[in-house]
Amino acid sequence: MEHYFHWFDLLGIAVFAISGTLAAWRNQMDGFGVIVLASVTAIGGGTLRDLILDVPVIWINDNSYFYAIFIAAIGTILLVRNRLTVPHNTLQILDAIGLAFFVVMGTQKGLDNGTSVMVAIMLGTMSGVCGGMIRDVLCREVPMVFRGELYAVTCIVGGAVYTALLALGTAQLFAMLCGMAALLVLRLAAIKWQITIPVFSKHHSDLNEP
Amino acid sequence: MEHYFHWFDLLGIAVFAISGTLAAWRNQMDGFGVIVLASVTAIGGGTLRDLILDVPVIWINDNSYFYAIFIAAIGTILLVRNRLTVPHNTLQILDAIGLAFFVVMGTQKGLDNGTSVMVAIMLGTMSGVCGGMIRDVLCREVPMVFRGELYAVTCIVGGAVYTALLALGTAQLFAMLCGMAALLVLRLAAIKWQITIPVFSKHHSDLNEP
Amino acid sequence: MEHYFHWFDLLGIAVFAISGTLAAWRNQMDGFGVIVLASVTAIGGGTLRDLILDVPVIWINDNSYFYAIFIAAIGTILLVRNRLTVPHNTLQILDAIGLAFFVVMGTQKGLDNGTSVMVAIMLGTMSGVCGGMIRDVLCREVPMVFRGELYAVTCIVGGAVYTALLALGTAQLFAMLCGMAALLVLRLAAIKWQITIPVFSKHHSDLNEP
């Protein structure tokens, strides 16, 4: 049962490590700072989730997460060095895939530890969002969660689809794959057609001008 | 006894959620990124405090914190959409109110868990300051704790007034209200008259120029 | 045995507090915001390490860490006020010394709590790097871990030298001092001769342009 959990976790870790490496490349970082950014992006969200749940942090007794990060980062470096261009939007798409894994896995880990469904979805969203948030803050960019179309909404939808299917009694693996697919499709559609939910009109703020 | 604690916590959460929403509005963020910024501002400081004290994070078994955030954020969005201007300094004043609640509540939570008075005041300051710090970092602004006049001092004063009154044997609620009032009055006065404690003269730094 | 641990910790704390104070000075921060930046730099990395290891945070039952921060910060303020110039690179050198203490102490704390050698070195690196990372993010600078030559590599080397000597059966204090020395020498040499390990060629990124 727990078997594919570990692989989903590793896949999410690897995808976020690739996105961290690409962000480092884009910011012309050199040296092993790349490894730092890849690691922080990959384990930031899951670490925060586990700290809040007060369970052992996923990577504390398991070296395989580091192998996943190293392999992903070094593979990306080799690929990028040889091609020197990366298609537009690659970073956003990888981020969306990492999000899909982390949100559903994080929601499940919340439920496993006895949280309410709402808190579980919040924890899933947090573990999906925070690694990328730290990545973007360290690169001094506007976090993708604010730029990205429907970013937070897709996380909530992914977690909600997963928990709803569980409540309907479907098999867990099926519910997981559906939750991930819902999140991924919605996010990719939002990227492609630039779907947003404007809540504020354009305005000239006179609030607290510097 | 614990009864008003919960309400103070919820009020602090709501006020910080409003300040996060206003910061999102000021930065022309759209979509539900607003909810992310409101949540991070509201629960960031308290979450860090509880992690450090190794007690269950306040919102992990209690959905009411999320209701408070949602209501505060949606109320603020509706208000701002209809008025389109927010008086100058509103963000700073809300931040000061949130600070008053969080610093005193955080100090008490430290004492409850057996820390020294100094560490308790430090924890109170941390829970008051960190939510706003994350808000400002995510908005790529100079954190208010550095811009704000007497910011850290007001936190220490609020915590000190509270613990001093407790030590003198006053009723806890009275001590709390006095600590909050002291913090709030000092901070608002510092904002109004721009009181600062300059520790460095103006200078041309030749330290580590980029 | 534990005796010099405490002093190494305090020394690392004090050195990072000085580096935080200098960063505050460089950014012309006034008031006690300096104390906030000094504290965050000094205790950020160790706090994160202890949270992840799920052991009591170093400063929670021990006021001496705060005395170290206050004395270091106030001493630095007095020194800077009277001289008004600080030699070029001072911040980088102090950061390197703090790094040496924190990486080795953090690696040891990981081993003490039963982690693998690889995870212990990772934890040591994290406790060395994260305080300075938060300092740089709050000052809105590119984190030194990305600008700094061989920054992450020196941490890994320091931790590796320490754990290798331990495995060879040398005295713990000797292994610690060697690990710290290796880290410090490598980092200072990298600063002096600007040694880098370029992993990406210069390029024009067409990835995800804003």
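Residues numbered from 1 in each chain as written. Chains lettered and ligands numbered in written order. Predicted model: local features only at pLDDT ≥ 70, side-chain atom pairs only at ≥ 80, totals over all residues. Heavy atoms only, no water.

1. Considering the overall build of chain A
Using the following cut-off: Segments assigned H or I by DSSP are reported as helices when at least four residues long, segments assigned E as strands when at least two residues long, and all are numbered from the N terminus. Two residues qualify as a contact provided that any one of their heavy atoms is within 4.5 Å of a heavy atom in the partner residue. Accessible surface area values rest on a Shrake-Rupley calculation with a 1.4 Å probe, where residue burial reflects the displayed protein chains alone.
When helices and strands are counted, chain A shows eight helices and zero strands. Listing the helices and strands of chain A from first to last along the sequence gives α-α-α-α-α-α-α-α. Considering only intrachain contacts with a sequence separation of at least 6, the fraction spanning at least 24 residues in chain A is 75%. Carbon together with sulfur atoms contributes 68% to the accessible area of chain A, which is approximately 8000 Å² in total.

2. Quick word on the confidence of the model for chain A
Rules: pLDDT measures the predictor's confidence residue by residue and takes values from 0 up to 100.
Looking at chain A as a whole, the pLDDT averages 85, with 90% of positions reaching at least 70. Under a pLDDT of 50 for its full length, residues 204-210 of chain A has, in the predicted model, 21 contacts with residues more than four places off or in other chains.

3. A closer look at the packing of aromatic side chains
Under the convention used in this document: A pair of Phe, Tyr and Trp rings is counted when the ring centres sit within 6.5 Å of each other, with Trp represented by its six-membered ring. The angle between the planes then sorts it: under 30 degrees is stacked, over 60 is edge-to-face, the rest tilted. Accessibility here uses a 1.4 Å probe with only protein chains present; expressed as a share of the type maximum, an area under 20% marks a residue as buried, one over 50% as exposed, and anything in between as partly exposed. Ring-over charges, as used throughout, are those where CZ of Arg or NZ of Lys falls within 6 Å of the ring centre and within 35 degrees of the ring normal.
By the definition in use, this model includes nine aromatic pairs over all chains. Aromatic side chains Phe8(A) and Phe101(A) sit 5.7 Å apart centroid to centroid with 45 degrees between the ring planes, which places their arrangement in the tilted category. Of this pair, Phe8(A) sits in helix α1 (residues 3-26) while Phe101(A) sits in helix α4 (residues 90-112), and the two are 93 residues apart along the sequence. Exposure remark for Phe8(A): the relative accessible area of 11% places this residue in the buried category. For the pair Phe16(C) and Phe102(C), a centre-to-centre distance of 5.0 Å together with 85 degrees between the ring planes defines the contact as edge-to-face. Of this pair, Phe16(C) sits in helix α1 (residues 3-26) while Phe102(C) sits in helix α4 (residues 90-112); the two residues are 86 residues apart in sequence, bridging distant segments of the chain. For Lys192(C), the ring lying beneath its charged end belongs to Trp193(C), and the centroid distance is 6.0 Å.

4. Concerning the side chain of Thr115(A)
All names here are of chain A. Defined as follows: Polar contacts, as counted here, are pairs of nitrogen or oxygen atoms within 3.5 Å of one another; within protein the pair requires one atom able to donate a hydrogen and one able to accept it, and residues that are adjacent in sequence qualify only if both atoms are side-chain atoms.
Mapped onto the secondary structure, Thr-115 falls in the loop between α4 and α5 (117-138). By relative accessible area, Thr-115 is classed as buried at 10%. At 3.1 Å, the side chain of Thr-115 forms a polar contact with the backbone oxygen of Gly-110.

5. Concerning the UniProt feature "transmembrane region" (unreviewed entry) in chain A
The criterion, for reference: UniProt positions are given in the numbering used here, feature names are shortened, and annotations may be inferred rather than shown by experiment.
UniProt records the feature "transmembrane region" (unreviewed entry) at residues 6-25, 32-52, 64-81, 93-111, 117-138, 150-168 and 174-193 of chain A, using the numbering of this structure. Strand forms 0% of residues 93-111 of chain A and helix 100%; the C-alpha atoms that close the span are 28 Å apart.

6. Here we look at the pattern of salt bridges
What counts is decided by this rule: Any Lys or Arg side-chain nitrogen located within 4 Å of an Asp or Glu carboxyl oxygen qualifies as a salt bridge.
Counted according to the given criterion, the structure contains 15 salt bridges over all chains. Across the pair Asp50(C) and Lys109(C) runs a salt bridge whose closest N-O atoms are separated by 3.2 Å. Of the two residues, Asp50(C) is situated in helix α2 (residues 33-53) and Lys109(C) in helix α4; the sequence distance between them amounts to 59 residues. Via salt bridges that share partners, Arg49(A), Asp50(A) and Lys109(A) belong to a single interconnected network.

7. Topic: the nonpolar core
Stated precisely, the cut-off is as follows: In this description, a nonpolar core means a group of buried Ala, Val, Leu, Ile, Met, Phe, Trp, Tyr and Cys residues linked to one another through side-chain atoms lying within 4.5 Å.
Counting 207 residues, the largest nonpolar core has Ile13(A), Trp59(A), Ile13(B), Trp59(B), Ile13(C) and Trp59(C) as the members making the most contacts within it. When residues no more than four places from it in sequence are discounted, the contact partners of Trp59(B) are Ile52(A), Val119(A), Met122(A), Leu123(A), Met126(A), Ile43(B), Thr47(B), Tyr65(B) and Phe66(B).

8. A look at a nonpolar patch on the surface
To be explicit about the condition: Residues qualify for a patch when their relative accessible area is over 30% and they have no salt bridge, like charges being joined within 9 Å and the nonpolar side chains of Val, Leu, Ile, Met, Phe, Trp and Tyr within 5 Å.
A cluster of nonpolar side chains, Tyr67(B), Phe70(B), Ile71(B), Ile74(B) and Leu78(B), forms an exposed patch at the surface whose accessible area comes to about 500 Å². Summarising the element assignment, Ile74(B) is placed in helix α3 (residues 64-83).

9. Comments concerning the environment of Val36(C)
Checked against the element boundaries, Val36(C) lands in helix α2. Owing to a relative accessible area of 12%, Val36(C) belongs among the buried residues under this scheme. Sequence separation between Val36(C) and Arg135(C) is 99 residues, and the spatial gap between their C-alpha atoms is 9.9 Å. Setting aside residues up to four positions removed in sequence, Val36(C) forms contacts with Met133(B), Val145(B), Phe146(B) and Ala152(B).

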